[in-house]
Amino acid sequence: MKNSSKPINFIENKIKSDLENGVVERVITRFPPEPNGFLHIGHAKSICLNFGLADKYGGDCNLRFDDTNPEAEDQRFVDAIIKDVEWLGFKQNIRPKYASDYFDQLYEWAIFLISEGKAYVCELNAEQIREYRGTLKLPGRNSPYRERLVEENLSLFEKMKNGEIPEGAMTLRAKIDMTSGNINLRDPVMYRIKKSSHQRTGDKWCIYPSYDYAHGQEDAIEKITHSICTLEFASNRPLYDWFISNLPVHAEPKQYEFGRLNLNYTITSKRKLKQLVDENYVHGWDDPRMPTISGMRRRGISPAAIRNFCNSLAVAKTDGIVDMAQFEYFVRDDLNNNSPRAMCVFDPLRLTVVNYDDAKLDQIKIQNHPNRPDLGSRETRFGKTLFIEKSDFSDDETLSRKKFKRLVINDYVRLRGSFILKAEKIIKDEQGSITEVLVRIIPNTIGADAPEGIRPRGVIHWVDQDSSVDCSVNLYDRLFNVPSPDSDQDNFLQHFNTESLIFITGCKAEGLLQKAAPGEVFQFERQGYFTRDLAESDSLTFNRSISLRDSWESKL
RNA sequence: UGGGGCGUCGCCAAGUGGUUAAGGCAACGGGUUUUGAUCCCGUCAUUCGGAGGUUCGACUCCUCCCGCCCCAGCCA
């Protein structure tokens, strides 16, 4: 959104009115990931929303790990998430909070609920609980253990905590309403027995609180004022409220739901992303093809581009699918403005300058950016032997100027930042393929208009042979071949784009690219934006962040 | 069909009884250009899921209908 101010969404409106009406004096939000995977672009939207709102209204936003299920979680994910949030630019040296810090308090509150006769230890197994729960149209039935005496519940719950009960044998359930139309209210499980050690609390606990029991109370403890989550939690809200109003908590957080981000041609389901990783479709969570924050980082996409994109998104209750093109727009916008230009030839064709002596120079000064003089210029060698893209040359003189704005035999073209030249002679090998082209430069055409009577067809990129450096490039493309791989439930893997990564070797890059720092992004003129991979490596490899917008192929 | 939520241009989305129905992306024209990039200009919903109704007046209120999403984990 350039010149228009963005409309204020319903959550921000609520915050504004709560502030104005004194409902809250300071807004406190939170971003509560479970450390069971890496953060993706959908999380980025939530991060921008939560931290953004807190910033805008002078409040605060907590990064809090919802680590209530040790079986799925790992310290490695905690570390990755912290790194990603900081990288996105919201907090320096962030000090995260953890649900596990509140396990003692949560346990005490559970005892409180039992004492109030509002929770009970149930001995139904998982399958029986499901049967008793009823279905979407049929009400549930009360558990036979529902009316247990408080004292018995207390002692049983203690036994659960002490590890005296096997996994799966008992649960602590809230006593609410087995006939509720909202299935979440049919005596939800508050605690289950899991005898696995937790990445932070070790073996202290063998019972762990469920999301529904834990989340609202975590919010209350942290005095969260606006607990923002995605739409699928809407039917959990009455339960969220039930715990808050039945427990002696010292705050009354409120939950608000917005539509999560979906992008076409990719997926934003942690479970499915994990599957891509586990089954080696990609090379890890930070594979540049992944819509993860870390993947995008390796792809050379800046935090600002991601933030700009997220801020362009609507916060509403509709669940739509945003065009990947919208994301790409913000990526290109940022990269175009900030990336110095350089040249790299992927599929080299040798050019020999027959009148090299007429050049009368061997170094050329080239601007690093057409619209930003502050990015300076560089010296590039201009030698007798050059490389251009094979696809930038044609021996077909009948090609129209409009259709082929490149080099054609017996015609002129401009080398970017350099001379205008003419292709004079084609050299072929025994098989008849073109191996070299002899060209003649037009003297004094650097930085000057074409002389009378000479009309170069266009401008092409090039590289000097002697000063060039060999490199490889990774060309990334969309992860899936169909717009909505997610909608096909189980078979999203069938739509995996096997050409989402194309590796090209034997490329010739300008010498200065040898010194490119990992993560540094360049625009390879006429090719796209490329960044040197973050991974330590002796070889010179560039990852394509994104191609240049191309309105030409589509018109042919 | 128990409960909850949503349907405005190809995509996202403003709009809360009186506006010519914002804006962004995409697309399509045209201009500038030593990147077929960027940039600039222009075009792009007589219509708001459908049908009725209330009203001088409805995308906005009412009724009915249609469609889509979420909930039946001891996941979050």
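Residues numbered from 1 in each chain as written. Chains lettered and ligands numbered in written order. Predicted model: local features only at pLDDT ≥ 70, side-chain atom pairs only at ≥ 80, totals over all residues. Heavy atoms only, no water.

Asker: Lay out helix H8 (residues 237-246) with the relevant residues and their values.
Answerer: When H8 is considered as a whole, its buried residues turn out to be Leu 239, Tyr 240, Trp 242, Phe 243, Ile 244 and Asn 246. Against the buried residues of H8 lie helix H4 (103-115), strand S5 (171-174), strand S6 (189-193), helix H7 (211-221), strand S8 (226-230) and strand S9 (254-258). (Buried < 20%, exposed > 50% of the residue type's maximum accessible area, 1.4 Å probe, protein only. Helix = DSSP H or I, 4+ residues; strand = E, 2+ residues; numbered from the N terminus. Contact = heavy atoms within 4.5 Å.)

Asker: With reference to specific residues and values, describe the sheet that holds S5.
Answerer: Taken in spatial order, the four strands make up an open sheet running S4-S5-S6-S7, and their pairing is antiparallel. In this open sheet, the two strands that pair with only one neighbour each are strand S4 (119-122) and strand S7 (207-209). Strand after strand, the sheet turns through a mean of 20 degrees between neighbouring axes, direction not considered. With four bridges connecting them, S4 and S5 associate as antiparallel partners. What sits directly across from Ala 119, in S5, is Ala 174. Most of the contacts of helix H6 (residues 150-161) go to S4, to which it runs at about 60 degrees, and overall it touches S4, S5, S6 and S7. (Pairing = 2+ DSSP bridges. Axes fitted to C-alpha atoms, helices over the stretch in contact; angles between N-to-C directions.)

Asker: A description of the protein's contact with RNA strand B should follow, citing residues and the corresponding values.
Answerer: Residues in contact with RNA strand B amount to 65 residues; listed here are only the nearest, Gly 168, Thr 318, Arg 341, Lys 402 and Gly 447. Sugar plus phosphate: this is where 62% of the atoms of RNA strand B within 4 Å of the protein reside. One of the backbone N or O atoms of Leu 136 is found 2.9 Å from a base nitrogen in RNA strand B. Take Tyr 329: an N or O atom from its side chain is 3.2 Å from a phosphate oxygen of RNA strand B. Residue assignment for the surface near RNA strand B shows that the elements contributing at least two residues are helix H5 (126-133), S6 and helix H12 (324-338). (Near = heavy atom within 4 Å. Polar contact = N/O pair within 3.5 Å; in protein donor to acceptor, adjacent residues only side chain to side chain.)

Asker: Can you tell me about the state of the cysteines, naming the residues and giving the values?
Answerer: Using the criterion set out here, one finds zero disulfides in the structure. Of all cysteine sulfurs, the one in Cys 310 lies closest to Cys 48, which takes part in no disulfide; the gap is 4.0 Å. Here Cys 507 stays free of any disulfide, with the sulfur of Cys 471 as its closest cysteine sulfur at 4.9 Å. Owing to a relative accessible area of 0%, Cys 507 belongs among the buried residues under this scheme. (Disulfide = S-S within 2.5 Å.)

Asker: I'd like a rundown of the nonpolar core, residues and numbers included.
Answerer: Counting 38 residues, the largest nonpolar core has Ile 41, Phe 51, Leu 63, Val 85, Phe 309 and Phe 327 as the members making the most contacts within it. Put simply, the parts of the chain that give this core at least two residues each are helix H2 (41-56), strand S2 (60-65), helix H3 (75-88), helix H10 (293-298), helix H11 (303-312) and H12. Per element, the largest residue contribution to this core is six residues, and it comes from H2. Ignoring sequence-local partners within four residues, the contact set of Val 85 consists of Phe 31, Leu 39, Ile 47, Phe 51, Leu 63, Phe 90 and Ile 94. In this structure, Ala 119, Met 160, Ala 174 and Ile 244 belong to the second largest nonpolar core, which totals 34 residues. (Core = buried A, V, L, I, M, F, W, Y, C linked by side-chain atoms within 4.5 Å.)

Asker: Could you give an account of the pairing of S5, naming the residues involved and the relevant values?
Answerer: Residues Thr 171 and Arg 173 of S5 are buried on one face, and the alternating residues Leu 172 and Ala 174, pointing to the opposite face, are buried as well. Pairing geometry for S5 and S6, over three bridges, is antiparallel. Residue Thr 171 lies in a different strand from S6, and its bridge partner there is Arg 192.

Asker: Tell me about empty space enclosed by the protein, and name the residues and values.
Answerer: Under the criterion given, the structure shown has one cavity of 30 Å³ or more. Put simply, the largest cavity is a space of about 40 Å³. Per-element tally for the lining of the largest cavity: the top contributor is H7, with four residues. For the lining of the largest cavity, the class distribution of residues is two nonpolar, four polar and one charged. (1 Å grid on protein atoms, 1.4 Å probe; cavity = no way out; pocket = protein on both sides within 12 Å on 5 of 7 lines; lining within 4 Å. Points joined across faces, edges and corners; volume = space filled by probe spheres on them. Nonpolar A, V, L, I, M, F, W, Y, C, P; charged D, E, K, R; others polar.)

Asker: Tell me what's going on with the sheet that holds strand S20 (residues 434-442), and back it up with residues and numbers.
Answerer: Sheet strands line up and pair through hydrogen bonds in the backbone, either parallel or antiparallel. Spatially, S21-S18-S19-S20-S12-S15-S22 is the arrangement adopted by the seven strands of the open sheet, whose pairing is mixed. This sheet does not close on itself; its edge strands, each paired only once, are strand S21 (459-460) and strand S22 (462-464). Alignment of strand S19 (residues 420-428) against S20, held across eight bridges, turns out to be antiparallel. What sits directly across from Ala 423, in S20, is Val 439.

Asker: Now, about the pairing of strand S15 (residues 385-389): what can you tell me, with residues and values included?
Answerer: Among the five residues of S15, five are classified as buried, and the element is accordingly described as predominantly covered. Two strands pair when backbone bridges link them, and strand S12 (residues 348-353) and S15 are joined in this way by five bridges, in the antiparallel orientation. Within S15, the position partnered with Leu 349 by the bridge is Ile 388. Sheet topology note: the S15/S22 ladder contains three bridges and is antiparallel. Residue pairing for S22: Phe 387 is matched across the bridge by Val 463.

Asker: A description of unusual backbone geometry should follow, citing residues and the corresponding values.
Answerer: At Lys 223, a residue that is not glycine, the phi angle is positive and equals roughly 55 degrees. Turning to its location among the elements, Lys 223 is positioned in the loop between H7 and S8. For Lys 223, a relative accessible area of 45% corresponds to the partly exposed category. The phi dihedral of Asn 410 falls on the positive side, at around 70 degrees, and the residue is not glycine. Of note, Asn 410 is situated in the loop between strand S17 (407-408) and strand S18 (412-415).

Asker: Provide a residue-level description of the confidence of the model for chain A, including the pertinent values.
Answerer: Detail in the predicted coordinates should be disregarded across regions flagged by low pLDDT. Residue-level pLDDT values for chain A average 96, and 98% of them are 70 or greater. Taken together, the chains of this predicted complex give a pTM of 0.96 and an interface ipTM of 0.96. (pLDDT = per-residue confidence, 0-100.)

Asker: I'd like a description of the domain arrangement of chain A, backed by residues and values.
Answerer: What the domain assignment reports for chain A is domain 1 (10-258), domain 2 (263-340 + 470-555) and domain 3 (344-461). Domain 2 and domain 3 are separated by 31 Å when their C-alpha centres are compared. Between domain 2 and domain 3, roughly 1700 Å² of surface is buried when both sides are summed, and carbon and sulfur atoms account for 51% of that area. In terms of surface lost to domain 3, no three residues of domain 2 exceed Lys 508, Glu 525 and Arg 526, which account for 37% of the buried area on that side. Linking domain 2 to domain 3 there are three salt bridges. Measuring nitrogen to oxygen at the nearest pair gives 2.3 Å for the salt bridge that ties Asp 392 to Arg 526. Secondary-structure elements contributing two or more residues to the side of domain 2 that touches domain 3 are H12, strand S23 (469-476) and strand S24 (501-509). Tallying contributions element by element places S24 first for the side of domain 2 that touches domain 3, with five residues. Here the side of domain 2 that touches domain 3 is composed, by residue class, of 11 nonpolar, six polar and four charged. (Domains from an automatic or database assignment. Buried area = accessible area lost by both parts, 1.4 Å probe. Salt bridge = Lys/Arg side-chain N within 4 Å of Asp/Glu carboxyl O.)

Asker: So what's going on with the side chain of Asp 212? Residues and values would help.
Answerer: When you line up the elements, Asp 212 lands in helix H7. Look at Asp 212: it is buried, it has no salt bridge, and the nearest opposite charge is Arg 133 at 8.9 Å. At 2.8 Å, the side chain of Asp 212 forms a polar contact with the side chain of Asn 236. (Lys, Arg positive; Asp, Glu negative; His and termini not counted.)

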